[in-house]
Amino acid sequence: MIWLALLFAGDVYPEGAPWGHAGAPGMDSCHACHWENAAEAASPRLSLDGLPPRFEPGERYALTVTLAGAGDTNGFQLVASAGRFEAITATTQANGASIRSVQSAGVWPVVWIADETGAPVRFWLAVNDANGDASEFGDRILLQTFESLPDDIRIEE
């Protein structure tokens, strides 16, 4: 019986993990299901390349979610406090201010379209660096946050 449960565990979410697991405030992270190992907060293995320090409302930004040292099985969820994402490859799926992987890659190109927010935009990224056994056991959950400021906000130094 345990063998059957493990066999089908990998097929529970063939379209990607359920939305709402990027680790933003009020939201779970991948660790909710892949809990065996402690989640690694502020992981240096995660990057969001292309995110500008300052953004222009309405502009489109080509971003790349990267898991350094990725194994063969992995996935991510990313959520922004404002703006919206577009999936530009078959490896991702967007849903407004959230985007997730639907295929293992380790490097996922995405597009973020900035809003007229007038406030800093925070990004929460959760990545499952899975061990490939199609279960919730033995996986490593990595977390990271990023921020971009609107171009019209000035920071006093």
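Residues numbered from 1 in each chain as written. Predicted model: local features only at pLDDT ≥ 70, side-chain atom pairs only at ≥ 80, totals over all residues. Heavy atoms only, no water.

**Observations concerning the sheet that holds strand 1 (residues 46–49)**
Here's step 1: Within the open sheet, the four strands sit side by side as 1-3-8-5. Their pairing is antiparallel. One side of each edge strand has no neighbouring strand; the edge strands of this open sheet are strand 1 and strand 5 (84–87). Taken over all neighbouring pairs, the strand axes of this sheet differ in orientation by 30° on average, direction set aside. (Pairing = 2+ DSSP bridges. Helix = DSSP H or I, 4+ residues; strand = E, 2+ residues; numbered from the N terminus. Axes fitted to C-alpha atoms, helices over the stretch in contact; angles between N-to-C directions.)

**Looking at the confidence of the model for the protein**
Here's step 1: Averaged over all residues, the pLDDT of the protein is 77; the fraction at 70 or higher stands at 66%.
Here's step 2: In this model, residues 1–12 is a region of pLDDT below 50 whose contacts with residues beyond four sequence positions or in other chains number five contacts. (pLDDT = per-residue confidence, 0-100. Contact = heavy atoms within 4.5 Å.)

**Structural notes on the packing of aromatic side chains**
Here's step 1: All told, the structure shown has five aromatic pairs when counted by the stated rule.
Here's step 2: Note on Phe76 and Trp108: the rings are 4.8 Å apart at their centroids and 50° apart in plane angle, and the pair reads as tilted. Taken as a pair, Phe76 in strand 4 (residues 73–80) and Trp108 in strand 8 (residues 107–113) lie far apart in primary sequence, 32 residues in all. In this structure, Phe76 and Trp108 share a single accessibility class: buried.
Here's step 3: Seen from their ring centres, Trp112 and Phe123 are 5.0 Å apart, and the 80° between their planes marks the pair as edge-to-face. A residue pair is termed long-range when its members are at least 10 positions apart, and Trp112 in strand 8 and Phe123 in strand 9 (residues 121–130) qualify at eleven residues. A single burial state applies to Trp112 and to Phe123, both of which are buried. (Phe/Tyr/Trp six-rings, centres within 6.5 Å; stacked < 30°, edge-to-face > 60°. Buried < 20%, exposed > 50% of the residue type's maximum accessible area, 1.4 Å probe, protein only.)

**Re the environment of Phe76**
Here's step 1: Among the residues examined, Phe76 registers a relative accessible area of 2% and is labelled buried.
Here's step 2: Placed 53 residues apart in sequence, Phe76 and Asp129 show a C-alpha to C-alpha distance of 8.8 Å.
Here's step 3: Other than its neighbours up to four places away in sequence, Phe76 contacts Val65, Thr92, Ile99, Arg100, Ser101, Trp108, Val110, Leu125, Ala126 and Val127.

**A short note on the nonpolar core**
Here's step 1: Counting residues in hydrophobic clusters, the biggest one holds 24 residues, and the most contacted among them are Phe76, Leu78, Phe85, Trp112 and Phe123.
Here's step 2: The set of elements that each furnish at least two residues to this core consists of strand 1, strand 3 (60–67), strand 4, strand 8, strand 9 and strand 10 (140–150). (Core = buried A, V, L, I, M, F, W, Y, C linked by side-chain atoms within 4.5 Å.)

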